[in-house]
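Survey of secondary and tertiary structure
Listed below, chain by chain, are the residues.
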Amino acid sequence: MDAVVIPILVAAIVVVFLVAATVRIVPQARRYNIERFGRYRRTLQPGLNFVLPVADRVNTKLDVREQVYSSEPKPVITEDNLVVNIDTVLYYQITDPRAAAYEVADYLQAIDQLTVTTLRNVIGSMDLEGTLTSREEINARLRAVLDDATGKWGIRVNRVEIKAIDPPHTIKEAMEKQMRAERDKRAAILHAEGERQAKILTAEGTKQKDILEAQGTQQAMILRADGEAKAVELVFQSVHRNNADAKVLAYKYLETLPDLAKSDNNTFWVIPGELTEAVRAVTSAFGDRSAMGLPPEATAQREEGPAEAGTAGAAGTPELDADPTLALDAAAAANEVAKQAAAAVSDAKAEAEAVGEAQLPGRGRASGASDD
């Protein structure tokens, strides 16, 4: 019984071994390279595959998905003799499993060394500033070189990126100082521009304010002048409408004299030359008014006096009959007018002396002359 069981067990074990050696299950996105007696035979695709046991064997198992490879930072010298450490990241995909397994011994190491060599060639022709600001150009040149070199290896480089560029510590400090200085410069420029705009706007506002105030003052002066002109015109028309004689005008002129010195801007006061004419006119007015108040005999005698005087003159004996009442009335009127004029002049002089006594040293003599 044991002699029958043992061969059956051995046969079963051999069958299981042969089945296990014959069947190959390949996962998705995997490729297996099969060698028969040490020579490449074929590449197994995903799924169930059969091989010859003992004769065929799996040489390499490759992943055909896109993969990421990050290299270590490599020192690179720039055109201006600065050493920078550049760290790159590589995105690649195996397109030909046979070439990836048999055309190059280690495709990752080959890609890494090719990347470093290309970086040194590219960055060696750039300065530090160009290296920091030309990443897109460096990436494009790296990809072009890697695509050309890795195509025969059965690898497609999809993307190459520079992950980091680390200049020396001293260069970093200098760059930070430069950046800080640039920012301070921009801040100062912006602040100056703001102040300039503020001053311009303030000046424009002041200008507009002055213009509006000047226009308002001009309009007010024009309106005031128009009002005064209309008032003078009305007074002029009223005077001519009422047929005022020179005596009334002379009296109004004397009434206006005290107002000449009331202005605060007057530092001296000049007595007009027409004052004597006005006094004479007012004196004549008072003289006529006195004559109108005399009795009929005196008036008749006054009217006859010139005729008799003419007669006497004709006879050759001139006689002058003076009317004592008329003379007294005329003298009193003249004295009254002179007193009023002197009072007006004194008031004006007092106000002028209170305003600018120190500025007019010769005013006393001029005023005295006017009083005389």
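Because the structure is a prediction, the values reported are computed rather than measured. (Residues numbered from 1 in each chain as written. Predicted model: local features only at pLDDT ≥ 70, side-chain atom pairs only at ≥ 80, totals over all residues. Heavy atoms only, no water.)

1. Points about the overall build of the protein
Secondary structure assignment for the protein yields 11 helices and 9 strands. Among the 372 residues that make up the protein, the fraction classed as buried is 26%. In the structure as shown, the protein presents an accessible area of about 25200 Å², 57% of it carried by carbon and sulfur atoms. (Helix = DSSP H or I, 4+ residues; strand = E, 2+ residues; numbered from the N terminus. Buried < 20%, exposed > 50% of the residue type's maximum accessible area, 1.4 Å probe, protein only. Areas by Shrake-Rupley, 256 points an atom, 1.4 Å probe, with all protein chains shown as cover.)

2. Notes on helix α3 (residues 107-123)
End to end, α3 covers 24 Å across 17 residues, agreeing with the expected 24 Å (1.5 Å per residue, within 8%). Taken as a whole, α3 has its buried residues at Tyr107, Ala110, Ile111, Asp112, Leu114, Thr115, Val116, Thr118, Leu119, Val122 and Ile123. (Expected span 1.5 Å × (residues − 1).)

3. As for the sheet that holds strand β5 (residues 56-63)
Here 3 strands make up an open sheet; going across it, the order is β3-β2-β5 and the pairing antiparallel. Each of the sheet's edge strands pairs with one partner strand only, and the pair in question is β3 (39-44) and β5. If you compare each strand with its neighbour and ignore which way they point, the axes differ by 25 degrees on average. Where strand β2 (residues 30-36) meets β3, 5 bridges bridge the pair, whose relative direction is antiparallel. Bridge pairing in β3 links Asn33 to Thr43. (Pairing = 2+ DSSP bridges. Axes fitted to C-alpha atoms, helices over the stretch in contact; angles between N-to-C directions.)

4. Let's talk about empty space enclosed by the protein
Counted according to the given criterion, the structure contains 1 cavity of 30 Å³ or more. Volume-wise, the largest cavity comes out at about 50 Å³. Every residue lining the largest cavity is listed: Tyr69, Ser71, Thr88, Val89, Leu90, Ile111, Asp112, Thr115 and Val160. At the level of secondary structure, the elements contributing two or more residues to the lining of the largest cavity comprise β8 (83-94) and α3. Residue composition of the lining of the largest cavity, by class: 5 nonpolar, 3 polar and 1 charged. (1 Å grid on protein atoms, 1.4 Å probe; cavity = no way out; pocket = protein on both sides within 12 Å on 5 of 7 lines; lining within 4 Å. Points joined across faces, edges and corners; volume = space filled by probe spheres on them. Nonpolar A, V, L, I, M, F, W, Y, C, P; charged D, E, K, R; others polar.)

5. Some points on helix α5 (residues 135-150)
Taking 1.5 Å of rise per residue, the 16 residues of α5 would be expected to cover 22 Å, and the 22 Å separating its terminal C-alpha atoms lies within 8% of that figure. Residues of α5 that are buried: Ile138, Asn139, Leu142, Leu146, Ala149 and Thr150. Looking straight down α5, one finds its buried side chains confined to an arc of 105 degrees; they lie on one side. Along α5, the residues that are exposed and aim more than 90 degrees away from the buried face are Glu136 and Asp148. Of the surrounding secondary structure, the elements contacted by the buried residues of α5 are β8, α3, α4 (128-133) and β9 (155-166). (Arc of directions from axis to C-beta. Contact = heavy atoms within 4.5 Å.)

6. As for unusual backbone geometry
You will see that Ala29, though not glycine, has its phi angle at about 65 degrees, which is positive. For Ala29, the location among the structural elements is in the loop between β1 (23-26) and β2. In the Ramachandran plot, Phe37 falls in the positive-phi region, its phi being about 55 degrees despite a non-glycine side chain. One can find Phe37 in the loop between β2 and β3.

7. Considerations on the side chain of Asp112
As for its placement among the helices and strands, Asp112 is situated in helix α3. In terms of polar contacts, Asp112 uses its side chain to reach the side chain of Tyr69, at 3.5 Å. Other than its neighbours up to four places away in sequence, Asp112 contacts Tyr69, Ser71 and Lys74. (Polar contact = N/O pair within 3.5 Å; in protein donor to acceptor, adjacent residues only side chain to side chain.)

8. Observations concerning the confidence of the model for the protein
The predicted model of the protein averages 75 in pLDDT, with 64% of residues at 70 or higher. Within the model, the stretch residues 358-372 combines pLDDT values under 50 with 13 contacts to residues more than four positions away or in other chains. (pLDDT = per-residue confidence, 0-100.)

9. Points about the pattern of salt bridges
The final tally for this structure, using the stated rule, is 9 salt bridges. The residue Asp56 makes a salt bridge to Arg36 at a minimum N-O spacing of 2.6 Å. With a gap of 20 residues between them, Asp56 in strand β5 and Arg36 in strand β2 connect regions that are remote in the sequence. For Asp56, a relative accessible area of 6% corresponds to the buried category. Exposure remark for Arg36: the relative accessible area of 25% places this residue in the partly exposed category. Between Lys163 and Asp87 there is a salt bridge, and its shortest N-O distance comes to 3.3 Å. Here Lys163, found in strand β9, pairs with Asp87, found in strand β8; they are 76 residues apart in sequence, far enough to count as distant. Of the residues examined, Asp87 reaches a relative accessible area of 11% and is grouped as buried. A cluster of three or more residues bridged by salt bridges with shared partners is formed by Arg30, Asp63 and Arg65. (Salt bridge = Lys/Arg side-chain N within 4 Å of Asp/Glu carboxyl O.)

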